[in-house]
Amino acid sequence: MRAQTLALRAINQYRRRDTLAYVGLRYFLNNRCARRDRWADEIATHLVRTRSNTPYFGSQHFKEVDDEGEVLHRRIDIPSPTEMYAEAALINRCAAEAPFQARSCVYSYRLPQNGSEDGIFEPYFNGFRERHRSIAAASHGDDVDSLLYTDIRKFYPSIKIDRALQVWKKRSELGGLERDWIELGERIIHDHGLISDRSGAQGLLTGPAFSHFVANLVMDDIDQKMESEFPGHYWRYVDDVVIAGTKGRIADGRRRLSELMGELELELHTGDKDFEVSASTWLEGENDFTNSDSRLWMELVSNIKKLLLYKPGLKAELHRAFSDNGIRLPLLDYESAVAESSFVERTRDWARRYSWARRRIQEISVASLVRQALLARSNYTEALDSHLEHVPVSGFGRKRAIPKLRYFAGRLIYLLPDDQLLAMAGKLEEHPELFLISRVSRAIATKDVTDVLNLGTNAVNAAAQVLRTGKAQISCKTERLDEVQSQGAAMLVINGLRLDGIEVHRAPINDFAEWRSGSELMRSDDPFVQELACLHGVHPDSRHTQMLDTAFDRDEQLAFDVITQLQESSYF
């Protein structure tokens, strides 16, 4: 049975974000009836509304390294598979009503268009790029001398539960939502409050999709006033705000924004997240998102998926050819997903959905993909080295340079052989902003995960998804793993990697990862693990790697997850 829209949105949203969330969703959707939108709308939502527990997994992500060299973590809460699916349904229902639409000055977590299967929200980069274009257009105006960048401090945890509930009720009634949908939103926000309280916080959880949606609603009054008072000169992307104008005008804008934030008990950052840049300097980066670098990568990924879809028998040969050339691109098995389609359906979709000609498909081969990957390796290596030679010490130029370095390095993790990857790690570690990607690169090159285990589950997931493409044994130079490291160890096991002979701080998630006493886990005191275990079922062996190796549906995106994992815990 083909998956319907909501199942694909949830799968495509979480494939890019978190291994554990994705595996949990796959077990949920292993029930074929659950792939229907009606199941999401009626069953998943009912289960969340009436549940008696709060199943979230508090995953520790890398945040930063402080001045003393200590690694700081940020808690990212992963909802249970049932809640992830119910969120997809709830946000989809809201997307049909005008009062839930974000204003034109807001570019993050925009609601999906009808029929879109890309994710629960529009792809983040679409909004990011549109904001860039809008700022560029304004910066050419005579009334813009400078731009102010500022940032909301601890955005999600600072949004009080009572305020979120108040805004949700008001907006859902204005939107004419049915009672069940309103209660679902109330239940999710209420449960966020319970989890926050247990962890010593007060606000929305960081991680769940519904947090992003509600946060945009909470900010809407501020966005409306700022857009009205600074028309065409105010932009917001999550907690990141830009105001353009003369120096006096942007100073007024920051004061006004700070005043409005204060009314919601939110506050702006100070320090390096709050700075000004002249319009002429900003315009030097006007074309930062229009070069050919991304096209090369997109064509490579697109061609890999085409080959896997239409010539699935070549998957093993392609994997060997990539490995022989030191390339570690993970390849999904689409064979089962394609085989489940009827011939008529496949033929109709061929004509309707794919504009590329049959001849182009035939031209794609294992050899052509290797050549394309090697070309990307060469171009990105040259670009990375060039940018590394000219990284400004500070200021806006440095802020422009770091994303470019992350872009090239994130892709070279897949493309460089071990010796070159280790050399790249050495170059990157000179820059504090690239600490995470440097450590992950080193772990992949050396097969030693000691350092990434300490960084958090996002770092471990990034490394594991590349390490699992090879056959080499991983190592770890420690005798016992603490709580954070043990979470990482669980992610390694889910990815099919194992640390033998090391004592691990045991938690239910470790038992689930190893599928130890699965039937007992179905009665676990941890509601998140209990739900995962029940969805996994009574199979004697773990099926985690099977879920990761196979495509859920032929419309599942071929996502290279490491790139997202390396965004320093910006979860969505």
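Before any of the text, the structure's been laid out above.
This is a predicted model, so every value here is computed, not measured. (Residues numbered from 1 in each chain as written. Predicted model: local features only at pLDDT ≥ 70, side-chain atom pairs only at ≥ 80, totals over all residues. Heavy atoms only, no water.)

> Would you mind going over the sheet that holds strand β3 (residues 146-151) with me for this structure?
Taken in spatial order, the 4 strands make up an open sheet running β4-β5-β3-β6, and their pairing is antiparallel. The two strands at the open ends of the sheet, each matched to only one other strand, are β4 (234-237) and β6 (275-278). For this sheet, the mean inter-axis angle between neighbouring strands, taken without regard to orientation, is 20 degrees. By the bridge criterion, 4 bridges tie β4 to strand β5 (residues 240-245) in an arrangement that is antiparallel. (Pairing = 2+ DSSP bridges. Helix = DSSP H or I, 4+ residues; strand = E, 2+ residues; numbered from the N terminus. Axes fitted to C-alpha atoms, helices over the stretch in contact; angles between N-to-C directions.)

> What is the right way to read the side chain of Asp18 from this model?
In this structure, Asp18 sits in the loop between α1 (5-15) and α2 (19-28). Overall, the relative accessible area of 3% leaves Asp18 in the buried class. Engagement of the side chain of Asp18 in a polar contact is seen with the backbone nitrogen of Leu20, the distance being 2.8 Å. (Buried < 20%, exposed > 50% of the residue type's maximum accessible area, 1.4 Å probe, protein only. Polar contact = N/O pair within 3.5 Å; in protein donor to acceptor, adjacent residues only side chain to side chain.)

> It is not clear to me how empty space enclosed by the protein should be interpreted in this structure. Could you clarify?
Taking a probe equal in size to a water molecule and rolling it over the atoms shows the remaining empty space. Scanning the model with the defined rule gives 2 cavities of 30 Å³ or more in all. Counted as a void, the largest cavity has a volume near 110 Å³. Forming the boundary of the largest cavity are 16 residues, of which Phe100, Gln101, Ala102, Asn216 and Leu217 lie nearest the centre. It is helix α9 (residues 209-229) that provides the largest number of residues to the lining of the largest cavity, a total of 5 residues. Taken together, the residues of the lining of the largest cavity sort by class into 8 nonpolar, 2 polar and 6 charged. (1 Å grid on protein atoms, 1.4 Å probe; cavity = no way out; pocket = protein on both sides within 12 Å on 5 of 7 lines; lining within 4 Å. Points joined across faces, edges and corners; volume = space filled by probe spheres on them. Nonpolar A, V, L, I, M, F, W, Y, C, P; charged D, E, K, R; others polar.)

> Help me understand a negative patch on the surface in this model?
A contiguous patch of negative charge on the surface is contributed by Glu64, Asp67, Glu68 and Glu70. Note that Asp67 resides in the loop between β1 (56-65) and β2 (71-79). You can call Asp67 exposed: its relative accessible area is 80%. (Patch = residues over 30% accessible without salt bridge, like charges linked within 9 Å, V, L, I, M, F, W, Y side chains within 5 Å. Areas by Shrake-Rupley, 256 points an atom, 1.4 Å probe, with all protein chains shown as cover. Salt bridge = Lys/Arg side-chain N within 4 Å of Asp/Glu carboxyl O. Lys, Arg positive; Asp, Glu negative; His and termini not counted. Charge placed at Lys NZ, Arg CZ, Asp CG, Glu CD.)

> In this structure, what is going on with helix α23 (residues 483-494)? I would like to understand it.
Each turn of an α-helix holds 3.6 residues, which means side chains three or four residues apart point in the same direction. A rise of 1.5 Å per residue sets the reference length of α23, with its 12 residues, at 16 Å; its end C-alpha atoms lie 17 Å apart and thus fit the reference within 8%. Here α23 lies mainly inside the structure; 11 of its 12 residues are buried. Turning to α23, its buried residues number three or more, namely Val484, Gln485, Ser486, Gln487, Gly488, Ala489, Ala490, Met491, Leu492, Val493 and Ile494. Of the residues flanking the start of α23, the one acting as N-cap is Asp482, its side-chain oxygen 3.2 Å from the backbone nitrogen of Val484. One or two positions beyond α23, positive phi appears at Gly496, with a value near 85 degrees. (Expected span 1.5 Å × (residues − 1).)

> What is the right way to look at the nonpolar core in this model?
Leu20, Trp168, Phe213, Phe322 and Leu415 are the most contacted members of the largest nonpolar core, which totals 179 residues. Leave out the neighbours within four places in its chain, and Phe322 touches Ile304, Ile327, Leu329, Leu331, Leu369, Val370 and Ala373. (Core = buried A, V, L, I, M, F, W, Y, C linked by side-chain atoms within 4.5 Å. Contact = heavy atoms within 4.5 Å.)

> Looking at this model, I keep getting lost on the pattern of salt bridges. Mind explaining?
Should the charged atoms of two oppositely charged side chains come close, the side chains can pair. Across all of its chains, the model carries 38 salt bridges by this definition. With a closest N to O distance of 3.3 Å, Asp240 and Arg131 form a salt bridge. Pair noted here: Asp240 is in strand β5 and Arg131 is in helix α5 (residues 124-139), with a separation of 109 residues, a long-range link. Between Lys477 and Asp448 there is a salt bridge; the shortest N-O distance is 2.2 Å. Within this pair, whereas Lys477 is found in the loop between α22 (457-467) and β7 (480-481), its partner Asp448 is found in the loop between α20 (435-446) and α21 (450-455), the two being separated by 29 residues in sequence. Residue classification places Lys477 among the exposed residues on the basis of a relative accessible area of 65%.

> What exactly am I supposed to notice about the pairing of β1 here?
The side chains of a regular strand alternate, first on one face of the sheet and then on the other. Across 9 bridges, β1 lies against β2 in antiparallel orientation. By the bridge assignment, Phe62 is partnered in β2 with His73. Joining the antiparallel neighbours β1 and β2 is a turn of 5 residues, in which Gly69 adopts a positive phi near 85 degrees.

> Please explain the packing of aromatic side chains as it appears in this structure.
The description of two aromatic rings rests on the distance between their centres and on the angle between their planes. This model, assessed by the stated rule, comprises 21 aromatic pairs. An angle of 0 degrees between the planes, with centres 5.1 Å apart, marks the rings of Tyr149 and Phe275 as stacked. On the criterion of sequence distance, the pair formed by Tyr149 in strand β3 and Phe275 in strand β6 is long-range, its members being 126 residues apart. With a relative accessible area of 13%, Tyr149 lands in the buried category. A residue is classified by how much of its surface remains accessible, and Phe275, at 17% relative accessible area, is buried. (Phe/Tyr/Trp six-rings, centres within 6.5 Å; stacked < 30°, edge-to-face > 60°.)

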